[in-house]
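An overview of the molecular structure
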Amino acid sequence: NFVAIDTELTGLQVPGQKRTDFVDSLQVRYEKLKVSAQSHAILQLGVCPFRWDADKSKYMAMPFNFFVFQRPFKGSQVSFTCQASSLAFLAN
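The following paragraphs examine the structure supplied in this document. Here the structure is a predicted model, which is why all the values come from computation and not from measurement. Position numbers for residues start from 1 in each chain and track the written sequence from start to end. Only residues with pLDDT of at least 70 get local features here, since the model is predicted, and only at 80 or more are side-chain atom pairs given and counted; chain-wide, interface and lining totals rely on the full set of residues. As a rule here, side-chain values cover all heavy atoms of the structure and leave hydrogens and water aside.

**Quick look at the overall build of the chain**
Inclusion rule: Counting from the N terminus, the helices are DSSP H or I runs at least four residues long and the strands are E runs at least two residues long. It is over C-alpha atoms that the radius of gyration is taken, and the globule rule equals 2.2 Å times the number of residues to the power 0.38. In what follows, a contact means two residues having at least one pair of non-hydrogen atoms within 4.5 Å. Every accessible area reported is derived by Shrake-Rupley at a probe size of 1.4 Å, with residue values counting cover from the shown protein chains alone. The charge count treats Lys and Arg as positive and Asp and Glu as negative. His and the chain ends do not count. Here the site of a charge means NZ on Lys, CZ on Arg, CG on Asp, or CD on Glu.
Looking only at helices and strands, the chain has 2 helices and 4 strands in total. Its helices and strands in sequence order give the chain the pattern β-α-β-β-β-α, from N to C terminus. The globule rule puts the C-alpha radius of gyration for 92 residues at 12 Å, and the 17 Å found for the chain is more than 25% above it. Considered along the principal axes of its C-alpha atoms, the chain spans approximately 50 × 45 × 25 Å. Excluding contacts between residues fewer than 6 apart, the proportion of contacts in the chain whose partners are at least 24 apart in sequence is 60%. Entry remark: accessible area of the chain is about 7,500 Å², with carbon and sulfur atoms responsible for 59%. Side-chain charges of the chain comprise 10 positive and 7 negative groups, with the mean position of each set lying 7 Å from the other.

**Re the environment of Leu45**
Relative to the elements of secondary structure, Leu45 occurs in strand S2 (residues 42–53). Separated by 38 residues in the primary sequence, Leu45 and Thr7 place their C-alpha atoms 4.7 Å from one another. Ignoring anything within four residues of it in the chain, the contact list for Leu45 reads Ile5, Asp6, Thr7, Phe64, Asn65, Phe66 and Val68.

What is shown is where atoms sit, not what they do.
This is how it looks when you write it as structure tokens:
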């Protein structure tokens, strides 16, 4: 049994930042992805537990989606980067 977790963000890249590359070291890749994750907002969180069903000899999935877009709280404002292509992807 295991759980898969996925996030949908308002974008994937920060303008002017180089994309990740297969030759990047783990540290370089982490730093690139960290900047992107800090610059974009999470719109949706997906959690999917999987359970092995021995009778059917296959995994059974139970997916859940949570919309987690942050709203202003007590006058606080959150700024983030948004990519039109990412929102178009999520809308389709």
